[in-house]
Amino acid sequence: MSSDDFYAIIPAGGVGTRLWPLSRKGRPKFLYDLLGSGRTMIQSTFDRLARVCGPEHVVVSTGEAHVDAVREQLPELGDDNIFPEPVARDSTAAIALATAVLAHRHGPQIVVGSFAADHVIRDRDAFAECVRQATAAARSGYITTIGIAASRPSTAFGYIHQGHSLAQEILDAPSARIVQSFVEKPDSATAQAYLQTGEYRWNAGMFVMRADVLLDSLERYQPDIFSAITAIAEAWDQGASKRSAAVKQYWYGLEKIAFDYAIAEPLSAAGGVAVVPGGFGWDDIGDFNSLAALLPSSNRQNIKVLGNQDDVVFLDSAGDVVAAQAGRTVALLGVDDMVVIDTPDALLVAPRARSQEVKKMVSKLSGLGRDEIL
């Protein structure tokens, strides 16, 4: 695909509380090499996108506290290609600001794509082909998402309800379909029903669109956010003092709202959203159970170890997920299907089946004033 007009945005936000105590406010999961690949999550995302559009067309939106770490991990990232956020305001603000600034620099007809910093994608060539088709659909005026094949009736993901084919309308995107609706995370019975229809795909939060289409949609559905983002974007490249003043005046008052809710859902009701099926092997490491699915087994008992395997000793144990990060021995005796995360200042022990509930423990610790370990 021609990448001259395509720019990739990596929103690198969120704490990843379901992966506590590995993932912390000061060092979120995207800064870690969770799979032992030799590259952190954000480095792998950058590598994947740089293959599609070139490193100079990749930008990162992240919290001010993480800027230095991002720069250290991504030395190829241009000085002007990082967008620091003083406080998190969710994906709408992050994507919109980067888009508005890029539109000022390169024109409103550029195509931008938003791709989370912490996703695992295995087939890079298939991913690039999906982005190519999504870009073609975006040039035709659609905000385009990439829908992941639902391999199981998951209740952890939102779903995309596909409609009719757009192949006759968008010749360069033969796989594109209209989006009938976005659906919230369902219960297990509903998820099973979705799978049986063959009309639903997982919503991975990947969006590709022309800058002007996004900004027009933002003005239509979120006029207050549009006004604030426009003011910040106009000042962004006018010097540090003007940028700082605009951010201070407008950013803190922005509504915290996800892009799906703010733009994609209302626009899909108006027939303005397309979906390209993604067949490239995708995972979202949302909790320790999903992380375990991607780690190799250390032994015939299906124990998964993140860190130094010599630090983990087991007897009559099976199916455990262990992170040995404190430089000491973790001994498991008669322990099955548990999560054991040992770090220098915090230890988590929980059933694997309750991995999604680690977020509740983080909330409890916060309520007890233990913010220093969060």
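A brief structural summary. As the structure is a computational prediction, the values presented were derived from the model and not from experiment.

Conventions and cut-offs
- Residues numbered from 1 in each chain as written.
- Predicted model: local features only at pLDDT ≥ 70, side-chain atom pairs only at ≥ 80, totals over all residues.
- Heavy atoms only, no water.
- Core = buried A, V, L, I, M, F, W, Y, C linked by side-chain atoms within 4.5 Å.
- Buried < 20%, exposed > 50% of the residue type's maximum accessible area, 1.4 Å probe, protein only.
- Contact = heavy atoms within 4.5 Å.
- Helix = DSSP H or I, 4+ residues; strand = E, 2+ residues; numbered from the N terminus.
- Pairing = 2+ DSSP bridges.
- Axes fitted to C-alpha atoms, helices over the stretch in contact; angles between N-to-C directions.
- Lys, Arg positive; Asp, Glu negative; His and termini not counted.
- Salt bridge = Lys/Arg side-chain N within 4 Å of Asp/Glu carboxyl O.
- Polar contact = N/O pair within 3.5 Å; in protein donor to acceptor, adjacent residues only side chain to side chain.

Notes on the nonpolar core
Counting residues in hydrophobic clusters, the biggest one holds 77 residues, and the most contacted among them are I42, F115 and M206. Not counting chain neighbours up to four residues away, the residues in contact with I42 comprise I10, A12, F30, L31, V60, V70, Q73, L74 and A117.

Some words on the environment of F280
Along the chain, F280 falls in the loop between β10 (273-278) and β11 (282-284). With 73 residues separating them in the primary sequence, F280 and F207 have C-alpha atoms 16 Å apart. Those residues within four positions of F280 in sequence are excluded, and the remaining contacts are I121, R122, D123, A126, F127, C130, I146, I148 and M206.

Thoughts on the sheet that holds strand β14 (residues 321-324)
One open sheet accounts for 4 strands, arranged β12-β14-β16-β17; its pairing is mixed. The two strands at the open ends of the sheet, each matched to only one other strand, are β12 (304-307) and β17 (347-351). Averaged over neighbouring strand pairs, the angle between their axes works out to 10° when direction is ignored. Inspection of the sheet shows strand β16 (residues 338-342) paired to β17 by 5 bridges, in the antiparallel sense. What sits directly across from I341, in β17, is L348.

A look at the side chain of D320
Summarising the element assignment, D320 is placed in the loop between β13 (312-315) and β14. Buried charge D320 goes without a salt bridge, the closest partner of opposite sign being R352 at 7.3 Å. A polar contact is formed between the side chain of D320 and the backbone nitrogen of D337, at a distance of 3.0 Å. Dropping the residues within four chain positions of it, D320 is found in contact with N302, I303, K304, L332, V335, D336, D337 and M338.

Treat this as a map of the structure, not an account of what it does.
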